[in-house]
Structures are given as C-alpha cells and as structure tokens.
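Observations on chain architecture
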Amino acid sequence: MSDFKSTTVLMVRRDGRTCMASDGQVTLGDTVLKAGASKVKRAGNGKVLVGFAGGAADGLALFTRFEAKLEEYSGNLERAVVELAKDWRTDRVLRQLKAQMIVAGRERCFLVSGNGDLLQPDDDALLGIGSGANYALAAARALLRHTPMTAPDVAREAMRVAAEICIYTNDRITLEEV
C-alpha cells in the first residue's frame, strides 16, 4: 500500500489553520485520464477534511463509510477513524479496497489504511499520502521551518514542488481548509 502511483494529498497545520491539498491527476497505468479530479472532501458538517489516494471508487467507498462512522459517533473524529480502521482491517469486502486516507479536523489528524494502519503524526502538523507524498512532505517541512508562510500557502507551494518531480502528480491543486 505504500507504493501508490496515483496522486498526492498533503495536510498542513500551522497557527490554528488546518488545510488539505491534492493534485487533480487521475492515471490508469501510464495514461492520464483526467487532470482536474477532486480528492479532498468535507465531512461532519464541513468540520472534517478527508483526502484519499489509490483507487477512486475505493476512496469514495471509504469516504462514505467514514461519514457514516462520524455520524454514528456524534462527530467524534478519533472514535470514527478507529472504528473505520477496525472495519477496514477485519471486513472481507473492505480489505480488498486499495486506498489510503488522511482525515483531519481542526486539532487532530490521522492516516488510515487498509493494512490496519491508524497513524497520528508526532508533530500533528504534516501528513501526506500517494506517490508524490514524500516530495510534498519534504517541501512542506522545509517551508514550515524556514518561512512564515501560512498553512494554505505552504500546502500549495509544497504541492507545486511535488508536481515538478512526481509524474503521477499534476499542478491542478484543490485546497480545503477547516
């Protein structure tokens, strides 16, 4: 699951602002099928951002499941992602889904995968998934350390860097903020 050749999604948090950015490229093998896809969605009455990488249908199926969990647990973000990760790991049908998700609220963020992974970063400031994630994370980490840029500006610029390096990432950036 860590070798997705699909997309780039980046979550950046700074000065009380949380944003998530994604590129718009959809590929099938070595062919670009679409350049302007949206891979970041809002959940929980707009208070939670969800970004996904991997199979588009798989990501949307997981997004729907996550929304249901968020509603079931009255907006409790941590409980909803824990229950989704448990279902994803144990359910025979869900285990076949090939995707990763970043889920972020104003204060907490999580990476969820079908391997049973449920990770929260040490600094709670950066998370990335997809084929260009390491490029975007490296650029964002440097920008956070060495500039006063806002979270949205860091996310946009880091995504541009990833798009210059990763052939599965383009520069049609979607950005959402909570």
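Note: the structure precedes this text.
These notes cover the structure that comes with them. (Residues numbered from 1 in each chain as written. Predicted model: local features only at pLDDT ≥ 70, side-chain atom pairs only at ≥ 80, totals over all residues. Heavy atoms only, no water.)

Description of the environment of Gly 36
Within the secondary structure, Gly 36 is located in the loop between strand E4 (31-34) and strand E5 (40-43). Judged by its relative accessible area of 45%, Gly 36 falls in the partly exposed class. (Helix = DSSP H or I, 4+ residues; strand = E, 2+ residues; numbered from the N terminus. Buried < 20%, exposed > 50% of the residue type's maximum accessible area, 1.4 Å probe, protein only.)

So, the sheet that holds strand E9 (residues 118-119)
If you walk across this open sheet you meet the five strands as E5-E6-E7-E8-E9, and the pairing is antiparallel. The sheet is open, and its two borders are formed by E5 and E9, each paired with just one other strand. Sheet topology note: the strand E6 (residues 48-54)/strand E7 (residues 99-104) ladder contains six bridges and is antiparallel. Bridged to Leu 49 within E7 is Ala 104. Packed on one face of the sheet, helix H2 (residues 77-90) meets E6, E7, strand E8 (109-113) and E9 and runs near 10 degrees to E8. (Pairing = 2+ DSSP bridges. Contact = heavy atoms within 4.5 Å. Axes fitted to C-alpha atoms, helices over the stretch in contact; angles between N-to-C directions.)

Comments concerning the pairing of E7
Where burial is concerned, most of E7 is hidden: six out of the six residues are buried. In E7, alternate side chains face the same way, and those of Ala 99, Met 101 and Val 103 on one face and Gln 100, Ile 102 and Ala 104 on the other are all buried. Here E7 hands over to E8 after four residues, the two strands then running antiparallel side by side.

Things to note about the side chain of Thr 8
Topologically, Thr 8 is positioned in strand E1 (residues 8-14). With sequence-adjacent residues up to four places away left out, Thr 8 is seen in contact with Ala 21, Ser 22, Asp 23, Ile 129, Ser 131, Gly 132, Ala 133, Ala 136, Met 159, Ala 162 and Thr 169.

Overview of the nonpolar core
Generally speaking, a soluble globular protein has its nonpolar side chains buried in company with each other. Among the nonpolar cores identified, the biggest contains 21 residues, and Val 48, Val 50, Phe 66, Met 101 and Val 103 are the most heavily contacted of them. If you list the elements that add at least two residues to this core, you get E6, helix H1 (56-72), H2, E7 and E8. Element by element, the count of residues in this core is highest for H2, at six residues. Counting 17 residues, the second largest nonpolar core, distinct from the first, contains Leu 137, Leu 144, Ala 151 and Met 159. (Core = buried A, V, L, I, M, F, W, Y, C linked by side-chain atoms within 4.5 Å.)

Quick word on the packing of H1 against H2
Where H1 contacts H2, the two axes come as close as 8 Å, and the packing angle between them is 130 degrees. The angle between H1 and H2 falls in the class oblique. Note that H1 runs across H2; the crossing there is right-handed. On the side of H1, the interface is formed by Leu 62, Arg 65, Phe 66, Lys 69 and Leu 70, while H2 contributes Leu 77, Ala 80, Val 81, Glu 83, Leu 84, Asp 87 and Trp 88. Here the residues of the contact of H1 with H2 sort into eight nonpolar, no polar and four charged. (Parallel < 35°, antiparallel > 145°, perpendicular 65-115°, else oblique. Left-handed = near helix turned anticlockwise from the far one by under 90°. Nonpolar A, V, L, I, M, F, W, Y, C, P; charged D, E, K, R; others polar.)

Concerning the sheet that holds strand E2 (residues 17-22)
Pairing is antiparallel across the open sheet formed by four strands, whose spatial order is E10-E1-E2-E11. Strands at the two margins of the open sheet, each flanked by one partner only, are strand E10 (126-130) and strand E11 (174-177). Direction aside, the axes of adjacent strands within the sheet are offset by 15 degrees on average. Alignment of E1 against E10, held across five bridges, turns out to be antiparallel.

Looking at helix H3 (residues 133-146)
The terminal C-alpha atoms of H3 lie 20 Å apart, and with 14 residues this matches the ideal 20 Å at 1.5 Å per residue to within 8%. Residues Ala 133, Ala 136, Leu 137, Ala 139, Ala 140, Leu 143 and Leu 144 constitute the buried set of H3. Structurally, H3 contributes buried residues whose contacts are with E1, E10 and helix H4 (151-165). (Expected span 1.5 Å × (residues − 1).)

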